[in-house]
Amino acid sequence: MKAAVLREIQQPLTIEDVDLDGPGPDEVRVRVVSSGLCHSDYHSISGDFPVPMPAVLGHEAAGIVEAVGSDVTEFKKGDRVVTCVSMYCGRCRECLDGHNNVCSDKPSTRPADKPARITKGGEVFTQYAGLGAFAEEMLVHRTGVTKIPEGMPLEKAGLLGCAVLTGVGAALNGAQVRPGSTVAVVGCGGVGLNVIQGAKLCGAARIIAVDVNERKFDLARTFGATDCVKGGPDAAAEVKELTDGGVDYAFEVIGLVQTQEQALGMLRRLGTLMIVGMAPMASQFKVPGVLMMVQQLQIRGSLMGSVPFQIAIPNYAQLYLDGKLKLDEMVSQNIKLEEINDGYAKMMAGDVARSVIVFDQ
Ligand code: NAD
Ligand code: ZN
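So, here is what we can say about the structure in this document. (Residues numbered from 1 in each chain as written. Chains lettered and ligands numbered in written order. Predicted model: local features only at pLDDT ≥ 70, side-chain atom pairs only at ≥ 80, totals over all residues. Heavy atoms only, no water.)

**Focus: the sheet that holds strand 16 (residues 247-252)**
Working step 1: Spatial strand order, 15-14-13-16-17-18: 6 strands in an open sheet with parallel pairing. Looking at the sheet topology across the chains shown, the edges are occupied by strand 15 (227-230) and strand 18 (298-301). With strand direction ignored, the average angle separating the axes of adjacent strands in the sheet is 20°.
Working step 2: When strand 13 (residues 182-186) meets strand 16, the two strands line up parallel, connected through 4 bridges. Bridging across to strand 16, Val-186 finds its partner in Glu-252.
Working step 3: The strands touched by helix 4 (residues 163-175) within the sheet are strand 16, strand 17 (267-275) and strand 18, with strand 16 carrying the most contacts at an inclination of about 135°.
Working step 4: Each of strand 13, strand 14 (206-211), strand 15, strand 16 and strand 17 touches helix 7 (residues 235-242); the most contacted strand, strand 15, lies at about 155° to it. (Pairing = 2+ DSSP bridges. Helix = DSSP H or I, 4+ residues; strand = E, 2+ residues; numbered from the N terminus. Axes fitted to C-alpha atoms, helices over the stretch in contact; angles between N-to-C directions. Contact = heavy atoms within 4.5 Å.)

**Points about the packing of aromatic side chains**
Working step 1: Tallied over the entire structure, the rule returns 2 aromatic pairs.
Working step 2: Plain terms: the ring middles of Tyr-42 and Tyr-344 are 5.7 Å apart, the flat faces sit at 35° to each other, and that makes the pair tilted. Taken together, the residues span a long stretch of sequence, with Tyr-42 in helix 1 (residues 39-46) and Tyr-344 in helix 11 (residues 340-348) at a distance of 302 residues.
Working step 3: Here Tyr-42 falls in the partly exposed class, since its relative accessible area comes to 22%.
Working step 4: Since its relative accessible area comes to 3%, Tyr-344 is described here as buried.
Working step 5: Relative to Tyr-344, the ring of Phe-134 lies with its centre 6.3 Å away and its plane at 70°, an arrangement referred to as edge-to-face. Taken as a pair, Phe-134 in the loop between strand 10 (126-127) and strand 11 (137-141) and Tyr-344 in helix 11 lie far apart in primary sequence, 210 residues in all.
Working step 6: Grouped by ring-pair contacts, the aromatic residues Tyr-42, Phe-134 and Tyr-344 constitute a single cluster. (Phe/Tyr/Trp six-rings, centres within 6.5 Å; stacked < 30°, edge-to-face > 60°. Buried < 20%, exposed > 50% of the residue type's maximum accessible area, 1.4 Å probe, protein only.)

**Side note on the sheet that holds strand 2 (residues 14-17)**
Working step 1: The mixed open sheet is built from 4 strands, whose spatial order is 2-1-5-10. This sheet does not close on itself; its edge strands, each paired only once, are strand 2 and strand 10.
Working step 2: Pairing of strand 1 (residues 2-6) with strand 5 (residues 55-56) involves 2 bridges; the strand directions are antiparallel. Bridge pairing in strand 5 links Val-5 to Val-56.

**Concerning the nonpolar core**
Side chains that are nonpolar tend, in soluble globular proteins, to be buried together.
Working step 1: Judged by nonpolar contacts, the single largest core of 89 residues is most densely connected at Phe-134, Ile-196 and Phe-251.
Working step 2: Residues lining this core come from more than one domain, with at least three contributed by each of domain 1 (2-147 + 327-358) and domain 2 (167-303).
Working step 3: Within the second largest apolar cluster, 17 residues are counted, among which are Val-210, Ala-250, Ala-263 and Leu-273. (Core = buried A, V, L, I, M, F, W, Y, C linked by side-chain atoms within 4.5 Å. Domains from an automatic or database assignment.)

Spelled out as structure tokens, the structure:
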């Protein structure tokens, strides 16, 4: 199959022919229809979040089941599915507690004594997050797959696997934004736009979009932002002024120390900072302890929408089909696998909400 391969950081991905193994007992082989370009993969391209190379990146995909392993009874050939990085063991404390998105024993990859899923002539490829969705097919543990409702277009459904799940979920399930509250969303890319529409679904009264790139403001308004503020050192003061003292919730959706600190500075008393962006491994942001205490602030993280994706993704698909969730407006361009480097260049230039690879059917 064709795949986009990372061989060297800060270099273009190369399109290569690689071999994908057949399904093991607990695996599902999926023919990819759509695969979105998320910034998380770019953190590996840039080297901020290193992965062993060569690697097949990509993790925001929808497709059709091609084959299933001998123990898989919940999926069959022809099923229309979305995949997700949140595979789970079902036995650890987090899983048993209803939080399988933070499973501490994820069965993402095959055990070390089994052959690798992606190879070529003896060379072994890392399969990003147990998915490797920048490829024509994926071999995924059964717990990383969910079916979607009839009528959900597969070309759009890939976005549900990360951008929508993460962004809408961070507002709905992570922060549990209260109706009538005020929200700031720092970073209005594919994920941030979904935090905005998640906050709107929750009934937030005021949603302030913050981005360095003012071209994102029209899109942010389309997704539900009521105000827009230019990102930078003055953003926190401006948000506080607009809201008479600060917001109830500030979401950081970039992954930078400075914007994490800025977002913290946007809160009113009793406010909550939600960390959604993926900061470089060793980075740390400063938190004034006394402010935390005196103002009773909270800081929380949100991973992949904070709930089991097996429930959230079909729900979000249904919201889209019912006209209550925006997806069409998020796809700035459909591209071919061969255009992936240009897609990432456009993301870094701030020209797109999402680029989505659509494979020939
Ligand atoms: P993106 O590149 O599409 O969007 C980032 C946005 O931030 C852009 O609009 C950019 O203009 C803006 N920006 C950059 N620097 C800024 C600054 N200094 N001030 C204000 N705005 C600034 O990225 P994305 O795909 O939306 O992903 C956003 C982040 O979320 C990434 O770090 C990604 O890895 C992370 N992520 C986290 C999860 C999770 O489970 N928590 C899941 C997916 C992605
Ligand atoms: Zn992602």
